[in-house]
Amino acid sequence: MNVEEIKKVADTIRDFSISFPEHLEEFKSRFLSRKGLFSVYFDRLKLVNVEERVELGRLLNELKEQAKEKYAHFAKLLSEEKNSTFEFDFTLPGSHLFNGTVHPVRNVLRDIQVIFERLGFEVKLGPEIEKDDYNFLKLNFEPNHPARDMQDTLYVKRSVELEDDVLLRTHTSSVQIRTMLTCEPPLRFIAPGKVYRNESVFITVPIDKVVSTR
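Residues numbered from 1 in each chain as written. Predicted model: local features only at pLDDT ≥ 70, side-chain atom pairs only at ≥ 80, totals over all residues. Heavy atoms only, no water.

**Some details on the pattern of salt bridges**
Within the structure shown, the criterion is met by nine salt bridges. Between aspartate 11 and arginine 14 there is a salt bridge; the shortest N-O distance is 2.8 Å. Linking aspartate 11 with arginine 14, this pair stays in helix α1 (residues 3-15), spanning three residues, or about one helical turn. According to the relative accessible area criterion, aspartate 11 is partly exposed, its value standing at 35%. The shortest N-O distance in the salt bridge between arginine 58 and glutamate 55 comes to 2.4 Å. Note that arginine 58 and glutamate 55 are positioned in helix α4 (residues 50-84) at a spacing of three residues, about one turn of the helix. With relative accessibility at 37%, the residue arginine 58 sits in the partly exposed group. Looking at glutamate 55, the relative accessible area reads 35%, which means it is partly exposed. It is possible to trace a salt-bridge network through shared partners that takes in Asp11, Arg14 and Asp15. (Salt bridge = Lys/Arg side-chain N within 4 Å of Asp/Glu carboxyl O. Helix = DSSP H or I, 4+ residues; strand = E, 2+ residues; numbered from the N terminus. Buried < 20%, exposed > 50% of the residue type's maximum accessible area, 1.4 Å probe, protein only.)

This is how it looks when you write it as structure tokens:
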């Protein structure tokens, strides 16, 4: 054992990284325990001649104090981190998340539906992607009818047979056709919903109603 060997141990202690409690325990076991490195070196110190023993003993004692200070510093630091860490209790009930508010147009539409329902009307819904047959032909919009051009229809698929064309519905009157074909009169309903036209208005929400006393 010599001074250079002790300096290497000092470098090892200085570079030893302590980030978790496991590292702290490893540091203590490796250097400061009864079977640690310092115990081994102090035992070996007995074999060194008297002249060198004093100097090497002094260096070992200083290095051991530095190791103890490092251990104490990180032990306090890790303890403070543990106490300040928020431990989440997974058994607690969850918090209610607010997803925002209902759009004003949707609020108005809902109020209108409630009013008509109180008057005895039903609410009927239909597909937004519709066939030409329901959107135009069965409403007497023939192929050359001028209203077809006025509505700026957005087509999804065009076919040879006009009635097989698929489009984004331009009004909710197609729901009226579907309802009259499938339900027995008398009918009293409203057909709210989105319609699509190639114009500057982004979304229109018309409400059509059919009243039959038959």
